[in-house]
Amino acid sequence: MSNFFRDSANVRFYSFLTLVGTLSLLSSAYVPPSAIEAPGVHSPDPTVDIPWKSGVGYAGVANIRAAFNHGRIEENFQSGTDIPLITRMPAQSAWEAMSDNAKALWLINSEREARGLHPLHGTERNVTGVAQDFANWMLANDKWGHNSDGKGPPGRLEQNPKIASCHNNFLLMENLYAFGTTTGCVKSPIARAIYNWMYNDSGKGWGHRHLLLYHSFFENSGPGDREGLMGIGRALGGPYTINNTSYPYAEVIVLNMFDPCKKWRYNAPFRSPGIYYLRSRCT
């Protein structure tokens, strides 16, 4: 048996659902009150959760595309929207060569642009480092939650001098996800985390989704058609405790995002530091 645990973005509360299998999941989002958009400003939310499509596997670009297109089709049906389907994914070999950051940016920007939102500007080495450090820390200390280290997302991001000196207001945001498993194999963890943040988040008021689709950036930095910098951290190892159950392996994922100030100096895209502890046991 395994447990599914969520922690919401804007209101701190918890819910539990028992699942059958060897995989346990938990997710959490943090969007500061100053960044919360008024109802109706963000893209409409689905009316009910849209789980990953039954019968569609988790590995490979064809399955990822089929799952996300299923989410869009169901969202269109529920909300009366007209979100176009993904017509092309990177080739499998190209996808496998992409970093976690590159995969996350591709999927998030695909979801944003399909809804008429400007894409995020890109990934950035400083925010990636903050995300990776926190993923490593949670796994190494068997802890969970935005404030589990006593700092919170703004505190961690502002420990980085470059971010601290150049961000707009309090637009320092974070999504968390973790998979606990008995096998050490979690297929496509980045794609699955993003999918669930986007389409399987009704119990948490769609806070994770709102972060991915956030578009009230100041637009005072870089090209006028894009803004917002993100970074993904992913730690693999164990043991790790989920819902009072210890799992021998876990994937802990941290997504951080912030709005750079006008004087931000943009760097070339940064490759993720990689996986902490063990390499995936997936075959």
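The structure displayed is predicted, hence computed values, not measured ones.

1. Section: the nonpolar core
Core analysis: the biggest nonpolar cluster contains 40 residues, and Phe-68 and Ile-194 have the highest contact counts within it. Residue assignment for this core shows that the elements contributing at least two residues are helix H1 (61–79), helix H3 (100–114), strand E5 (167–181), helix H7 (189–199), helix H8 (207–212), strand E6 (229–237) and strand E9 (249–260). At 8 residues, H7 tops the list of elements feeding residues into this core. Beyond its immediate chain neighbours, meaning those up to four positions away, Phe-68 contacts Ile-86, Leu-107, Glu-111, Ala-191, Ile-194, Tyr-195 and Tyr-199. Among the nonpolar cores identified, the runner-up in size contains 15 residues, and Ala-131, Ala-235, Val-252 and Val-254 belong to it.

2. Observations concerning the pattern of salt bridges
The full count for this structure, using the stated rule, is 10 salt bridges. Measuring nitrogen to oxygen at the nearest pair gives 2.9 Å for the salt bridge that ties Glu-111 to Arg-115. Considered together, Glu-111 and Arg-115 belong to a single accessibility category, that of buried residues. By sharing partners, the salt bridges in this structure join Asp-45, Arg-72, Glu-75, Glu-111, Arg-115 and Arg-209 into a single network.

3. Side note on the state of the cysteines
Per the stated rule, a full pass over the model turns up 1 disulfide. Paired through a disulfide, Cys-166 and Cys-261 show a sulfur-sulfur distance of 1.7 Å. Across the disulfide from Cys-166 to Cys-261, rotation about the S-S bond amounts to roughly -90°, and the bridge is consequently left-handed. One end of the pair, Cys-166, is in the loop between helix H6 (161–165) and E5; the other, Cys-261, is in the loop between E9 and strand E10 (275–277), with 95 residues separating them in the sequence. On the basis of relative accessible area, Cys-261 is assigned to the buried category, the value being 11%.

What counts, and where the lines are drawn
Residues numbered from 1 in each chain as written. Predicted model: local features only at pLDDT ≥ 70, side-chain atom pairs only at ≥ 80, totals over all residues. Heavy atoms only, no water. Core = buried A, V, L, I, M, F, W, Y, C linked by side-chain atoms within 4.5 Å. Buried < 20%, exposed > 50% of the residue type's maximum accessible area, 1.4 Å probe, protein only. Helix = DSSP H or I, 4+ residues; strand = E, 2+ residues; numbered from the N terminus. Contact = heavy atoms within 4.5 Å. Salt bridge = Lys/Arg side-chain N within 4 Å of Asp/Glu carboxyl O. Disulfide = S-S within 2.5 Å.

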